[in-house]
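Structural features, examined
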Amino acid sequence: MMPSVLSAAGLLRLRASATVWILGALFLQAPLINAKASSFDPLESNVGSVRAALINKSATCRDVVSSFLDRIEAFNPTINAIVSLNPDALSAADELDRGLAAGNSSGRLLCVPIVLKDNYDAIGMNTTGSCAALAGNRPSIDSPSVEAFKKEGAIIIGKTNLHEMALEGLSVSSLGGQTVNPYDQTRTPGGSSGGTGAAIATSFAVFGTGTDTVNSLRSPASANNLVSVRPTRGLLSRAGILPISFTQDNIGPIARNIQDLAVALTVMASVGADEADNATLLVPPKYRGIDYTKGLNDGSLKGLRIGLLDGFWNRTASNETTPVIDALASTIDFLKSQGVVIVKITDSVYNATDMTTRLDVQRYEFKESLNNYLSSPSLSGDRPTTWDQVYGNKDFLVIPAQYGFVNDSKTWSTANSSYATAKKGIDDLKRSVNKTFASHKLDAVIYPEQKNLVVKIGSSTQAGRNGILAAVTGYPVVTVPVGFSQPSQDASIGVPIGMEILGLPFSDSKLLNIANHFTRLRPLRKTPTFANSAARMGSYGSVPSMHPNTSNIPKVYPSGVLHS
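A brief report on the enclosed structure follows. (Residues numbered from 1 in each chain as written. Predicted model: local features only at pLDDT ≥ 70, side-chain atom pairs only at ≥ 80, totals over all residues. Heavy atoms only, no water.)

Examining the overall build of the protein chain
- On a plain count of helices and strands, the protein chain comes out with 15 helices and 19 strands.
- Taken along its principal axes, the extent of the C-alpha atoms in the protein chain is 65 × 55 × 50 Å.
- Among the 564 residues that make up the protein chain, the fraction classed as buried is 61%.
- Long-range pairs, those at least 24 residues apart, make up 79% of the contacts in the protein chain between residues at least 6 apart in sequence. (Helix = DSSP H or I, 4+ residues; strand = E, 2+ residues; numbered from the N terminus. Buried < 20%, exposed > 50% of the residue type's maximum accessible area, 1.4 Å probe, protein only. Contact = heavy atoms within 4.5 Å.)

Some remarks on the nonpolar core
- Membership of the largest hydrophobic core comes to 131 residues, with the highest contact counts inside it found for Val 65 and Phe 207.
- Looking at this core element by element, the count peaks at 9 residues for helix H7 (residues 258-269).
- What Phe 207 contacts, discounting residues up to four positions off in sequence, is Val 47, Leu 109, Val 112, Pro 113, Ile 114, Val 115, Phe 149, Ile 200, Ile 254, Ala 255 and Ala 264.
- Counting 23 residues, the second largest nonpolar core, distinct from the first, contains Ile 244, Leu 370, Val 398 and Leu 562. (Core = buried A, V, L, I, M, F, W, Y, C linked by side-chain atoms within 4.5 Å.)

What about the sheet that holds strand S13 (residues 305-309)?
- Read from one edge to the other, the open sheet built from 11 strands follows the order S4-S7-S5-S10-S12-S11-S17-S18-S16-S13-S14, with strand pairing classed as mixed. The sheet is open, and its two borders are formed by strand S4 (82-85) and strand S14 (341-345), each paired with just one other strand. Each adjacent strand pair in this sheet contributes to an overall mean axis angle of 30 degrees, direction not counted.
- Here strand S16 (residues 444-448) runs beside strand S18 (residues 496-502); their pairing, made up of 4 bridges, is antiparallel. Paired with Val 445 across the strands is Leu 502, a residue of S18.
- Packed onto the sheet, helix H13 (residues 417-440) meets S13, S14, S16 and S18 and runs at close to 135 degrees relative to S14. (Pairing = 2+ DSSP bridges. Axes fitted to C-alpha atoms, helices over the stretch in contact; angles between N-to-C directions.)

Side note on helix H5 (residues 194-201)
- Within H5, 8 of the 8 residues are buried, which leaves the element mostly enclosed by the surrounding structure.
- What H5 keeps buried is the set Gly 194, Gly 195, Thr 196, Gly 197, Ala 198, Ala 199, Ile 200 and Ala 201.
- Of the residues flanking the end of H5, it is Ser 203, one or two places downstream, whose phi is positive at about 60 degrees.

Quick word on the pattern of salt bridges
- Following the criterion strictly, the structure yields 23 salt bridges and no others.
- A salt bridge links Asp 443 to Lys 510, with the nearest nitrogen and oxygen atoms 3.2 Å apart. Residue Asp 443 is found in the loop between H13 and S16, and its partner Lys 510 is found in helix H15 (residues 508-521); the two are separated by 67 residues along the sequence.
- Here the salt bridges do not stand alone but share partners, grouping Asp 212, Arg 218, Arg 230 and Glu 500 into one network. (Salt bridge = Lys/Arg side-chain N within 4 Å of Asp/Glu carboxyl O.)

Section: the pairing of strand S12 (residues 250-255)
- By the criterion of burial, S12 is predominantly enclosed, with 6 of the 6 residues buried.
- Here 6 bridges tie strand S10 (residues 207-212) to S12, and the two strands are oriented antiparallel to one another. Note that in S12 the partner of Phe 207 across the bridge is Ala 255.
- Judged from the 2 bridges that link them, strand S11 (residues 227-230) and S12 form a sheet pairing that is antiparallel. Each residue of the ladder has a partner; that of Ser 228, found in S12, is Ile 254.

Notes on the environment of Glu 365
- Among the structural elements, Glu 365 can be located in helix H10 (residues 362-374).
- We classify Glu 365 as buried; its relative accessible area is 0%.
- For the pair Glu 365 and Val 433, spaced 68 residues apart in sequence, the C-alpha separation works out to 24 Å.
- In this structure Glu 365 touches Ile 244, Ser 245, Phe 246, Thr 247, Thr 414 and Tyr 419, once residues within four positions along its chain are discounted.

Here's the deal with the packing of helix H4 (residues 144-151) against H7
- Packing of H4 against H7 leaves a shortest axis separation of 8 Å and a crossing angle of 115 degrees. Crossing geometry of H4 relative to H7 is assigned as right-handed. Within the contact between the two elements, H4 uses Ser 145, Ala 148 and Phe 149 and H7 uses Ala 264, Val 267 and Met 268.
- Of the residues assigned to the contact of H4 with H7, the class counts are 5 nonpolar, 1 polar and no charged. (Left-handed = near helix turned anticlockwise from the far one by under 90°. Nonpolar A, V, L, I, M, F, W, Y, C, P; charged D, E, K, R; others polar.)

A look at the side chain of Gln 248
- Among the secondary structure elements, Gln 248 is positioned in the loop between S11 and S12.
- Residue classification places Gln 248 among the buried residues on the basis of a relative accessible area of 0%.
- For Gln 248, the side chain forms a polar contact with the side chain of Asp 360, separated by 3.4 Å.
- Those residues in contact with Gln 248 that sit more than four places away from it in its chain are Asp 212, Thr 213, Val 214, Arg 230, Leu 359, Asp 360, Val 361, Gln 362, Ala 471 and Val 472. (Polar contact = N/O pair within 3.5 Å; in protein donor to acceptor, adjacent residues only side chain to side chain.)

Section: the packing of H7 against H15
- Running from N to C, H7 and H15 cross one another at 160 degrees; their axes reach a closest spacing of 9 Å. In this view, H7 runs roughly antiparallel relative to H15, as classed from their interaxial angle. Residues Ile 258, Leu 261, Ala 262 and Leu 265 of H7 form the contact with H15, whose own contacting residues are Leu 512, Ala 515, Asn 516 and Thr 519. (Parallel < 35°, antiparallel > 145°, perpendicular 65-115°, else oblique.)

Thoughts on the packing of aromatic side chains
- What the rule picks out here adds up to 13 aromatic pairs.
- Measuring from ring centre to ring centre gives 5.7 Å for Phe 75 and Phe 530, while their planes differ by 90 degrees; the resulting arrangement is edge-to-face. Placement of the pair is Phe 75 in helix H2 (residues 61-79) and Phe 530 in the loop between H15 and strand S19 (545-546), with a sequence separation of 455 residues.
- Taking relative accessible area as the criterion, Phe 530 reaches 23% and is therefore assigned partly exposed.
- Arranged with centres 5.2 Å apart and planes meeting at 70 degrees, the rings of Tyr 391 and Phe 396 form a pair that is edge-to-face. Judged on exposure class, the residue Tyr 391 and its partner Phe 396 are both buried.
- Among the aromatic side chains, those forming a connected cluster through ring pairs are Phe 366, Trp 387, Tyr 391, Phe 396 and Phe 405.
- Here the guanidinium or amino end of Arg 363 rests over the ring plane of Trp 412, the centre of that ring lying 5.6 Å away.
- One residue, Lys 526, lies across the ring of Phe 484, its end atom 4.9 Å from the ring centre. (Phe/Tyr/Trp six-rings, centres within 6.5 Å; stacked < 30°, edge-to-face > 60°. Lys NZ or Arg CZ within 6 Å of the ring centre and 35° of its normal.)

Here it is, written out as structure tokens:
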């Protein structure tokens, strides 16, 4: 076993084989340097409110960043969303304050605190995939998206937990423990970008990033009353991101509103064509340089033709499915009231379970993709450098439902004949989707992100999700809130429910426009009850150190095991 240090947050990993992690969700609070309280309220804040506070001089950038650190310190012990904090966040804020004092207020994301899913490379922080074996994996360059964020003035405040290696949707890991849904603490936050979803719902940052190989941007948005966009394949560079599948991987932002989502997408897309990601080289030039904030309010919903994918519902009534059925029925009624023409699509091809069985190619590509990433000369530290080394020790967590996937991926490759069959099936599916849009003259199609409520902590898998269609086709999709389950003892305002809006390639602007109209006319965003209050406000001499809570990992997920 290889000792390592998660130096981005000053976390020493205690790793002897007989050692029990008794770290808890503790913060080692840095001393206050003065008694001045921040005048910036981070709760439900947005890109515009941060800029307004700076321009009006009601807060400094250090005040803004400190206010988010206050919330993380106060509320993260409950939801366990943050893996590490950026030790340079306050110094970056001070640098921006010096620029503001000199009259420089440029940057679309000036002093906007954001969180990164911990599979994005960022200088000064380790990239772990929330896997204990990779705790020492240290990048020397930023991923292109992170570099673009920094260029526009964003402050990376920290990194979020994810389902280990982004392989499932329960958001539990050997390094970060179990992240908890802020709306119902008996449930998962979706995933694999569940840490980002829980963090943004609880206002730990203005927005955050995720990745998506099957569901992983959309599942946390749905489960945390947020919006997300998985853009057209190739629009964003995936370089510098810990990978799974070069066919299905994508990246994108998760936010509390469509305006911030559009700003984030615009910045991420500004990277353009990147030789480190061949998919970006296939994007026609006319789809480069787009400002996705333009035209968000143009037009209306009236006259849109939207398809309803009938095969993406579970219409069997139960405590877990009925809230989703009811929320979507109410949504459809609302869309009709706004003049939208709803077209029911009953083609048998639209069966998420069948698509996943036949077309998901992750296990063919995972080992090759991970080996390519780990061999990058920009990475250093005490860490494994191959797939076999990651899974050749005991410093990992694979849930039992994934044992077959991980064991298959050890030997499966793109040379398998079944891989070619799956790829052909993906091409056939794209043609079917294109035909559906053309024959029904559709602007978009909609369906629930998940057929049932997000699952309970300790569940075998994140069942019922519908993300496979966008994942294998590479077509763009925006996720929006459509309601909550009924309040209960565990969920005081109910469990969030989300809907996907999918379009044809490079219809990202149209989808954002539809989503903006929908969320503006039917505002459903609510703050989690437990965190709907101000945190203690103060000033920090340095960024606090923290320990993610690994003691809360359900016992049904044994570490270091690949067989029942």
